[in-house]
Amino acid sequence: MKEKRTVRTGIVGSGFAARFHYHALSKIHGTNVDVIGVFSIERETAVPYAQERGIRCFDRMEDLLDEVDVVHVCVPPISHEQVAVAALARDKFVICEKPLTGYFGDGTPEFHGDHVSMDAARDAALASVRRILDAESKSKGRLLYAENWIYMPSIQKEREILEKTGGQILWIHGEESHSGSHAAYYAFWKNGGGGVLIGKGCHPLTAALYLKRVEGRTRDGRPIRPKSVTARTHAMTRMPTFRDAGFIRCDYHDIDDFSMMHVEMDDGTVASVFASDIVIGGIHNWLEVYANNHRAHCNINPNTAMQTYNPVEANFKDIYVVEKIETKQGWACTSPDEDWFTGYPQEMEAFYRAIAYGDPVESDSALGADAVSTIYSAYVSAQRGGAVVDVEQL
Ligand SMILES: NC(=O)c1ccc[n+]([C@@H]2O[C@H](COP(=O)([O-])OP(=O)(O)OC[C@H]3O[C@@H](n4cnc5c(N)ncnc54)[C@H](O)[C@@H]3O)[C@@H](O)[C@H]2O)c1
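Peer 1: How should I be thinking about the overall build of the protein in this particular structure?
Peer 2: For the protein, the count of helices and strands is 12 helices and 15 strands. Computed over its C-alpha atoms, the radius of gyration of the protein comes to 21 Å, within 12% of the 21 Å expected for a compact globule of 394 residues. When the backbone C-alpha atoms are referred to their principal axes, the protein occupies close to 55 × 50 × 50 Å. Taking all 394 residues of the protein together, 49% fall into the buried category. Look at the contacts in the protein between residues 6 or more apart in sequence, and 74% of them connect residues 24 or more apart.

In structure tokens form, the structure reads like this:
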């Protein structure tokens, strides 16, 4: 057994993602993890975050970066590039949350997502991707792209099936939906770089792009990549006709809350991806694979690993059932280990092995770049009423 190396860690951001990243770090077994501290622009959450975990709260991000080997980018998408490039410039590893980056408006108070030229948005998003890739190419560090769907056990099982059977995927069909993000920043295009198409659509899309990569590299070492996309987006909760029954978040300023993308890959096969913020009954995450030699249904949530029946709501007051479920009464697809099904600990284990021992990573900057390129071409398509738009391969 090789000697365990220690990785020094910094966390940027002190919200939802910072919490689940830290939790996943506690499950790493292949390396020692020394969490040095946190930096966040919100001191009122950063200080308790640090105190609860016995780590330092830094006043300047640069001071934190100087003391660590890897930084976790747990900030809204608008700041991903800034943090990632600063860390890469110091030869640090970067674990960057999804989406890799995007277009966040022109900085004016009048900016509104409904009036964006999506061609210009795509150009700006791709320019941001190029700056990140350039910073990585000059760095001794690497960018590890935190797309947890890649590390979900069912997606990794499908990777194994593809590698061992040489299957050809003809159609991938997937979705991520729920009743609306918890994060206040998400209501504004200027923070998230778009709405649900990017915020949630990136998850099943990137899993689809990943599996086609695996198929290609298994066959002849050449990843199969996205070629074109057609898409529609809608803002249902902003429609004057929307009737708020109290279950679906509906305070969005200028973003889409329903989207569908149809991607043609460069081998002519297809992936269709739905993402929405209008679905109640718990988070709805699934991916189906239709191949020439097998078929797979990755039921992330709901799934039937465990089903519970609770006759009285109050019975389960201290029981976590599953993400975004409105009620704990009656039958529920309770997740016995939601982190495991969503791939968070597996993702961190893989990333820390890459940092400490140079192990290969499945979710890297190239995959994040393909996702951003596909997503912004999808926004261009939606603005053109669903026309087919080419995807630039960076
Ligand atoms: N993979 C997943 O399942 C998943 C789930 C939720 C969020 N995310 C991603 O995580 C990221 C953060 O989302 P969240 O839900 O944690 O948001 P959040 O609003 O809960 O937390 C964001 C934190 O970042 C801090 N922050 C903002 N700008 C900063 C900057 N420039 N420098 C330092 N700190 C800054 C804020 O103070 C806050 O503490 C987003 O990119 C989001 O897409 C991923």
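Peer 1: Sorry, what's going on with the sheet that holds strand 3 (residues 56-57) here?
Peer 2: For sheets, the rule is that strands pair by backbone hydrogen bonds, running either parallel or antiparallel. With respect to topology, six strands assemble into an open sheet ordered 3-2-1-4-5-6, the strand pairing being parallel. Each end of this open sheet is capped by a strand with a single partner; those strands are strand 3 and strand 6 (143-146). Both strand 5 (residues 93-97) and strand 6 contribute to a ladder of four bridges, which runs parallel. By the bridge assignment, Val94 is partnered in strand 6 with Leu143.

Peer 1: Please clarify how the nonpolar core should be interpreted in this entry.
Peer 2: Nonpolar side chains tend to gather and get buried jointly when the protein is soluble and globular. Counting 102 residues, the largest nonpolar core has Val73, Ala84, Val94 and Ile375 as the members making the most contacts within it. With 10 residues, helix 12 (residues 365-383) is the single largest residue contributor to this core. Of the domains in this structure, domain 1 (6-146) and domain 2 (149-341 + 365-390) are the two that each give at least three residues to this core. When sequence neighbours within four positions are dropped, the list of residues in contact with Ile375 reads Pro99, Leu197, Ile198, Gly201, Cys202 and Leu205.

Peer 1: What should I look at first to understand unusual backbone geometry in this one?
Peer 2: Leave glycine aside and you will find that most residues have negative phi; peptide bonds, for their part, are mostly trans. Cis rather than trans, the peptide bond between Lys98 and Pro99 has omega equal to -15 degrees. Mapped onto the elements of the fold, Pro99 is located in the loop between strand 5 and helix 5 (118-137). Phi at Asp91 takes a positive value of approximately 65 degrees, unusual for a residue other than glycine. Inspection of the secondary structure puts Asp91 in the loop between helix 4 (80-89) and strand 5. Judged by C-beta crowding, with 12 C-beta atoms within 10 Å, Asp91 ranks as exposed.

Peer 1: What is the right way to look at the domain arrangement of the protein in this model?
Peer 2: How big an interface is tends to be expressed through the accessible area that disappears when the partners come together. Once the domains are mapped, the protein shows domain 1 (6-146) and domain 2 (149-341 + 365-390). Between the C-alpha centres of domain 1 and domain 2 there is a distance of 22 Å. Contacts between the two partners involve 29 residues from domain 1, matched on the other side by 27 residues from domain 2. Those elements that place two or more of their residues in the side of domain 1 that touches domain 2 are helix 1 (16-25), helix 5 and strand 6. Per element, the largest residue contribution to the side of domain 1 that touches domain 2 is 10 residues, and it comes from helix 5. Broken down by class, the residue content of the side of domain 1 that touches domain 2 amounts to 19 nonpolar, five polar and five charged.

Peer 1: Honestly, the site of the ligand in this entry has me stumped. Any pointers?
Peer 2: Residues in contact with the ligand amount to 21 residues; listed here are only the nearest, Gly13, Gly15, Phe16, Ala17 and Glu42. In the shell around the ligand, the residues fall into 11 nonpolar, seven polar and three charged.

Peer 1: Could you clarify how one ought to interpret helix 2 (residues 43-53) in this entry?
Peer 2: Note on helix geometry: an α-helix contains 3.6 residues per turn, so any two residues three or four positions apart are oriented the same way. All of the buried residues along helix 2 are Ala46, Tyr49 and Ala50. Along the axis of helix 2, the buried positions cluster into a sector of 95 degrees, meaning they face one direction only. Turned more than 90 degrees off the buried face of helix 2, the exposed positions are Glu44, Pro48, Gln51 and Glu52. Packing partners of the buried residues in helix 2 comprise helix 1, strand 2 (32-39) and strand 3. Positive backbone phi, at 65 degrees, marks Gly54, one or two positions downstream of helix 2.

Peer 1: Can you walk me through the sheet that holds strand 8 (residues 226-234) in this structure?
Peer 2: Pairing is mixed in the open sheet, where seven strands are placed in the order 12-11-7-10-9-8-15. Looking at strand neighbours, the two that pair on one side only are strand 12 (295-301) and strand 15 (389-390), the edges of this open sheet. In this structure, strand 9 (residues 258-265) lies alongside strand 10 (residues 270-276), joined through seven bridges in antiparallel fashion. In the strand pairing of strand 10, His262 is matched with Ser272. Sheet strands in contact with helix 12 are strand 8, strand 9 and strand 15, and its direction is about 50 degrees off that of strand 8.

Peer 1: I would appreciate a short explanation of the pairing of strand 11 (residues 284-291) in the present structure.
Peer 2: Each regular strand displays side chains that alternate between the two surfaces of the sheet. Relative to strand 11, strand 7 (residues 169-177) runs antiparallel, the two sharing eight bridges. Following the sheet pairing, Gly174 is matched in strand 11 by Leu287.

Reading guide: rules and limits
Residues numbered from 1 in each chain as written. Predicted model: local features only at pLDDT ≥ 70, side-chain atom pairs only at ≥ 80, totals over all residues. Helix = DSSP H or I, 4+ residues; strand = E, 2+ residues; numbered from the N terminus. Rg over C-alpha atoms; globule rule 2.2 N^0.38 Å. Buried ≥ 20, exposed ≤ 12 C-beta atoms within 10 Å, placed from the backbone. Contact = placed C-beta atoms within 7 Å. Pairing = 2+ DSSP bridges. Core = buried A, V, L, I, M, F, W, Y, C linked by C-beta atoms within 7 Å. Domains from an automatic or database assignment. Nonpolar A, V, L, I, M, F, W, Y, C, P; charged D, E, K, R; others polar. Near = placed C-beta within 6 Å. Arc of directions from axis to C-beta. Axes fitted to C-alpha atoms, helices over the stretch in contact; angles between N-to-C directions.

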